[in-house]
Amino acid sequence: MSGDGSDEVARIALTHPALLKTRAFINGAWIDGERRVAVTNPATGVEIASVPDLGGDETKRAVMAADKALPAWRAHSAKERSAVLRRWFELILSHKEDLARLMTAEQGKPLAEARSEIAYAAAFIEWFSEEGKRSYGDIIPGHTRDTRIWVDRRPVGVVAAITPWNFPAAMITRKVAPALAAGCTVVLKPSELTPFSALALAALSVEAGVPDGVFNVVTGTPEAIGDILVSDPRVAKFTFTGSTAVGKLLAARCMSTVKRVSLELGGNAPFIVCADADIDAAIAGALASKFRNTGQTCVCANRFLVHDAVYDAFAEGLAERARALRVGDGLASETDQGPLIDLRAVAKVRAHVADAIQHGARVVTGGETHIAGKPYLKPTVLTNVAADALLCREETFGPIAGLVRVSSNDEAVTLANASRAGLASYLYTRDFNLAHGICEALDYGMVGLNTGLISTEVAPFGGCKESGIGREGSHYGLGEFQELRTVCARLDDGLTR
């Protein structure tokens, strides 16, 4: 579909229209570029507006600005930086509705989910505004009588961040808030599919008092921008959320200047339902994990490994709940599920459904395009899914729940661990000893035990194996943007007596 972008802007109905920024943000100034890239509402196919498609020269300007701003921002006390971040947090909450409507327009998620994400995004800024004041060092007993050793934490330097389209605000604040709290400066490249959330956050950061050059947003297609961010020696830290394949390539290129690297990559989350599980609770958790954001989350359940004893009851209950989900345009009505981000995503999900059926799966509900249009798929539940089907081997990123029947907990754990992904996993059981044993056995960075929602600013988020390096959120997340410095001091003889 196509149409007049001004109609789309009017439909967003912002209370503060100035939050819709259509220029990039470098060194405190809003800048244009020679080329522009259109941003389309995935729910309607209509262009909302466009943003600059920046290249290497503009990205170098942003890195230069961040490098120039670094000494002064680093010299701020932790309390001073905290006060700025706190004001940013409060401004985000005060503009929550506008930010949510912008997000739904550019990303497609239901408005209720967008509101929740804005609150979640703001929570990272609140958390790190406080945690930055608690960045403690150590005093180590000297190895000789006349030495003293202390260890302190220093900001790593200029940070380059690349964030994805599926959580256009939270994936930004989860990186930018700890970086700024630690005393680093940032060059952010948001997804070209969802830049408006990033630019609105930048506008509010100015109002909060973030100095020029401390937070920069470069917009456009990734190649030219990414080339600079991974190669410029002034960038000390590179943090990326996205696909495993792209993350590997970018991390390898960062090694030319030995940058610190954090990666949050793809998942293939198993969802284990044991024979003794509370089935109603497991169904509710599955619904929250699988169908949130139309299944477009890196931690959403991708494979349901359900014990034979409860398989039929779980399948029937999940299908009933999935069938009741309201699908549609989040700006037009109350919805539970929006469109997929684009038609390429639709094609991948449909291919996974077709492959599962070829392997013997049965469609219990869904499996086809929704009446709302091509970007929309009906929430789908498949039974009798083979463990070697594509949707078990690859991250689907769509509203498809594929159920694999297992006969034992050992079989479930073996299948769960048979993946190079190691981000999130889920387990439902009422047996504490069993829960402890399976949690120990699961080779994943995170386990949701009797819950389908595991993300919070107070706990570390990240995976193992090919799902990434490092952790975001919690006090562990602050350390990702700091270097340890050891001072070994020899004291004057007169001071040791």
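To keep things clear, this report deals only with the structure shown in the data block. Given the structure is predicted, the values throughout are model-derived calculations rather than measurements. (Residues numbered from 1 in each chain as written. Predicted model: local features only at pLDDT ≥ 70, side-chain atom pairs only at ≥ 80, totals over all residues. Heavy atoms only, no water.)

## What about the overall build of the chain?
Definition in use: In this text, helices come from DSSP runs of H or I with a minimum length of four residues, and strands from runs of E with a minimum of two, each type numbered from the N-terminal end. For this measure, only C-alpha atoms enter the radius of gyration; the expected value for a globule follows 2.2 Å times N^0.38, where N is the number of residues. Burial here depends on accessible area, computed with a 1.4 Å probe over protein chains only, as a share of the maximum for the residue type. Under 20% is buried, over 50% is exposed, and the range in between is partly exposed. It only takes one pair of heavy atoms within 4.5 Å for two residues to be counted as in contact. What sets the accessible areas is the Shrake-Rupley method with a 1.4 Å probe; for residues, cover comes only from the shown protein chains.
Broken down by element type, the chain carries 16 helices and 22 strands. Relative to a compact globule of 497 residues, whose C-alpha radius of gyration would be 23 Å, the chain shows 24 Å and is just as compact. Burial status across the chain gives 57% buried among its 497 residues. By sequence separation, contacts in the chain at least 24 residues apart represent 73% of the contacts at least 6 residues apart. For the chain, the accessible area works out to roughly 19800 Å², and carbon and sulfur atoms hold 52% of it.

## A few points about the sheet that holds strand 5 (residues 138-140)
Going by this rule: Here a strand pair is declared whenever DSSP counts at least two bridges between the two strands. Helix axes are fitted to C-alpha atoms over the stretch in contact, other axes to C-alpha atoms as well, and angles between N-to-C directions run from 0 to 180 degrees.
One open sheet holds the 3 strands; their spatial order is 5-6-22, and the pairing between them is antiparallel. Only two strands of the sheet have a single partner each, and these edge strands are strand 5 and strand 22 (482-490). Neighbour-to-neighbour, the strand axes of the sheet open up by a mean angle of 25°, direction not taken into account. Two strands pair when backbone bridges link them, and strand 6 (residues 147-155) and strand 22 are joined in this way by 9 bridges, in the antiparallel orientation. What sits directly across from threonine 147, in strand 22, is arginine 490.

## Some points on the environment of arginine 393
Assignment of secondary structure puts arginine 393 in helix 13 (residues 390-393). Not counting chain neighbours up to four residues away, the residues in contact with arginine 393 comprise Asn268 and Asp388.

## Observations concerning the environment of serine 262
Which entries qualify depends on this criterion: Two N or O atoms count as a polar contact when they lie within 3.5 Å, although within protein this holds only if one can serve as hydrogen donor and the other as acceptor, and sequence-adjacent residues are included solely when both atoms are side-chain atoms.
Structurally, serine 262 is set in strand 11 (residues 260-264). Since its relative accessible area comes to 5%, serine 262 is described here as buried. Between the C-alpha atom of serine 262 and that of aspartate 388, which follows or precedes it by 126 residues, the distance is 31 Å. The contacts of serine 262, once residues within four sequence positions are left out, are Lys237, Phe238, Thr239, Phe240, Ile469 and Glu480. Among the polar contacts made by the side chain of serine 262, one reaches the side chain of glutamate 480 at a distance of 3.1 Å.

## What about the nonpolar core?
Nonpolar side chains in soluble globular proteins tend to end up buried together. We count it as follows: Put simply, a nonpolar core is a bunch of buried Ala, Val, Leu, Ile, Met, Phe, Trp, Tyr and Cys residues held in one set by side-chain atoms that sit within 4.5 Å of each other.
Formed by 65 residues in total, the largest nonpolar core has its most connected members in Trp88, Ile92, Leu180 and Phe215. Counting residues per element, this core draws most heavily on helix 5 (residues 111-131), which supplies 10 residues. Among all residues touching tryptophan 88, those that are not within four sequence positions of it are Ile125, Val176, Leu180, Leu201, Leu204, Ser205, Ala208 and Phe215. With 33 residues, the next largest nonpolar core counts Ala282, Ala286, Leu325 and Leu403 among its residues.

## Section: helix 5
Our working definition: To estimate how far a helix should extend, the number of its residues minus one is multiplied by 1.5 Å.
The end-to-end C-alpha distance of helix 5 is 30 Å, a good match for the 30 Å that 21 residues give at a rise of 1.5 Å each. Counted residue by residue, helix 5 has 15 buried out of 21 residues, so it is predominantly covered.

## Quick look at the side chain of threonine 241
Summarising the element assignment, threonine 241 is placed in strand 10 (residues 235-241). The contact partners of threonine 241, leaving out residues within four places of it in the chain, are Ile162, Thr163, Pro164, Met171, Lys175, Glu264 and Glu472.

## Quick notes on the sheet that holds strand 14 (residues 362-365)
An order of 14-15-16-13-12-18-19 is seen for the 7 strands of this open sheet, with the pairing classed as mixed. Each edge of the open sheet is held by one strand with a lone partner, namely strand 14 and strand 19 (446-449). Strand-to-strand twist across the sheet, computed as the mean angle between neighbouring axes with direction ignored, equals 25°. In this structure, strand 18 (residues 424-428) lies alongside strand 19, joined through 4 bridges in parallel fashion. Paired with leucine 427 across the two strands is leucine 449, which belongs to strand 19.

## Regarding the packing of helix 3 (residues 78-94) against helix 6 (residues 170-182)
The condition is simple: Angles are sorted into four bins: roughly parallel if under 35 degrees, roughly antiparallel if over 145, roughly perpendicular if 65 to 115, and oblique for all others. Throughout, a crossing is termed right-handed when the near helix is turned clockwise from the far one, and left-handed when it is turned anticlockwise from it by less than a right angle. Residue type decides the class: Asp, Glu, Lys and Arg count as charged, Ala, Val, Leu, Ile, Met, Phe, Trp, Tyr, Cys and Pro as nonpolar, and the leftover types, Gly among them, as polar.
Contact geometry for helix 3 and helix 6: axes closest at 9 Å, N-to-C directions at 155°. Our classification of the angle between helix 3 and helix 6 gives roughly antiparallel. The two elements helix 3 and helix 6 cross, and the hand of that crossing is right-handed. Residue-level inspection shows Arg81, Leu85 and Trp88 of helix 3 in contact with helix 6, the latter providing Val176, Ala177, Leu180, Ala181 and Ala182. For the contact of helix 3 with helix 6, a count of residues per class yields 7 nonpolar, no polar and 1 charged.

## So, the packing of aromatic side chains
Threshold: Stacked, edge-to-face and tilted are the three classes for Phe, Tyr and Trp ring pairs, Trp counted by its six-membered ring, which pair at centre distances within 6.5 Å; planes under 30 degrees apart are stacked, over 60 edge-to-face, the rest tilted. Only Lys NZ and Arg CZ are tested; either one counts as a charge over a ring when it is within 6 Å of the ring centre and within 35 degrees of the ring normal.
Counted by the stated rule, this structure contains 10 aromatic pairs. Geometrically, the ring pair formed by phenylalanine 304 and phenylalanine 314 is tilted, given 6.1 Å between the ring centres and 40° between the ring planes. With phenylalanine 304 in strand 13 (residues 301-307) and phenylalanine 314 in helix 11 (residues 311-323), this pair connects stretches of sequence that are 10 residues apart. Through pairs of rings, three or more aromatic residues link up here, namely Phe271, Phe304, Phe314, Tyr426 and Tyr428. The aromatic ring of tryptophan 30 is capped on one face by lysine 21, whose charged end is 5.0 Å from the ring centroid.

## Considering unusual backbone geometry
Leave glycine aside and you will find that most residues have negative phi; peptide bonds, for their part, are mostly trans. Positive phi is not limited to glycine here, since asparagine 450 has a value of about 60°. In this fold, asparagine 450 is placed in the loop between strand 19 and strand 20 (464-465). Residue classification places asparagine 450 among the partly exposed positions, given a relative accessible area of 39%. The phi angle at lysine 465 is positive, at roughly 55°, despite the residue not being glycine. In this structure, lysine 465 sits in strand 20.

## Some remarks on the pairing of strand 8 (residues 185-189)
Threshold: Classification remark: right-handed applies to a crossover when, strands pointing away from the viewer, the course from the first strand over the helix to the second runs clockwise.
Within strand 8, 5 of the 5 residues are buried, which leaves the element mostly enclosed by the surrounding structure. Of the two faces of strand 8, both are covered, the one formed by Thr185, Val187 and Lys189 as well as the one formed by Val186 and Leu188. A crossover connection joins strand 7 (residues 158-162) to the parallel strand 8 through helix 6; in handedness this β-α-β unit is right-handed. Bridge count for strand 8 against strand 9 (residues 215-217) is 3 bridges, and the pairing is parallel.

## Here we look at the pairing of strand 4 (residues 47-52)
Across the 6 residues that make up strand 4, a large majority, 5, are buried. Bridging between strand 3 (residues 36-40) and strand 4 involves 5 bridges; their strand directions are antiparallel. By the bridge assignment, alanine 38 is partnered in strand 4 with serine 50. Between the antiparallel neighbours strand 3 and strand 4 lie 6 residues, among them glycine 45 with a positive phi of about 75°.

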